[in-house]
Amino acid sequence: MSDSHAAQKGRQSDAGKPGERRTGPLTFYRQVVAELRKVVYPTREQLVTYFFVVMAFVLVMIAIVSLLDLGLGKLVFAIFTGADDV
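Conventions adopted
- Residues numbered from 1 in each chain as written.
- Predicted model: local features only at pLDDT ≥ 70, side-chain atom pairs only at ≥ 80, totals over all residues.
- Heavy atoms only, no water.
- Helix = DSSP H or I, 4+ residues; strand = E, 2+ residues; numbered from the N terminus.
- Buried < 20%, exposed > 50% of the residue type's maximum accessible area, 1.4 Å probe, protein only.
- Areas by Shrake-Rupley, 256 points an atom, 1.4 Å probe, with all protein chains shown as cover.
- Salt bridge = Lys/Arg side-chain N within 4 Å of Asp/Glu carboxyl O.
- Phe/Tyr/Trp six-rings, centres within 6.5 Å; stacked < 30°, edge-to-face > 60°.
- pLDDT = per-residue confidence, 0-100.
- Expected span 1.5 Å × (residues − 1).

A few points about the overall build of the protein chain
Broken down by element type, the protein chain carries three helices and zero strands. Overall, the protein chain shows an N-to-C arrangement of helices and strands of α-α-α. Counting only residues that meet the buried cut, the protein chain has 0% of its 86 residues in that class. Total accessible area on the protein chain stands at roughly 8400 Å², and carbon and sulfur atoms take up 65% of it.

A few points about the pattern of salt bridges
This structure, assessed with the given rule, holds one salt bridge. Among the ionic pairs, Lys-38 bridges to Glu-35, the shortest N-O distance being 3.1 Å. A residue is classified by how much of its surface remains accessible, and Glu-35, at 46% relative accessible area, is partly exposed.

Notes on the packing of aromatic side chains
Here the distance between the centres and the angle between the planes together describe a pair of aromatic rings. Per the counting criterion, the structure on display carries one aromatic pair. An angle of 70° between the planes, with centres 5.3 Å apart, marks the rings of Phe-51 and Phe-52 as edge-to-face. Accessibility expressed as a relative area gives 53% for Phe-52, which makes it exposed.

Things to note about the confidence of the model for the protein chain
Caution applies to low-pLDDT regions: their predicted coordinates should not be interpreted in detail. The predicted model of the protein chain has a mean per-residue pLDDT of 84, with 73% of residues at 70 or higher. Element-level mean pLDDT values for the protein chain span from 53 in helix α1 (residues 4-15) up to 96 in helix α3 (residues 44-81).

Considering α3
Here α3 spans 54 Å end to end across 38 residues, near enough to the 56 Å set by a 1.5 Å rise per residue. With its phi angle positive at about 70°, Gly-82 sits one or two positions after the end of α3.

Next comes the structure, spelled out in C-alpha cells:
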C-alpha cells in the first residue's frame, strides 16, 4: 500500500482549494516587492519619538521589576532565616 495518495491529499489541503497550484518563486518575489512598496515608513521625527517612548516604557518596567525583586527577595529571606535585621 503506497502513501502517495495521502501525500497528494495533504498537498492539496496545504494549497487551499484542491484546484489551486502553489505560487512559483518568481511570482512570490514579485508579490513580496509589491507588498513592501505599500509599507509606510516613519519619518525621522516619528522614529525619534517612538524611540524615546519605548525607552521610557522599558525603564519604567525595569524599575517595577527591580523593586518587586528586591522586595520579594527580602521577604523570602526574612521568612526563611527569621532575621529581624533585614
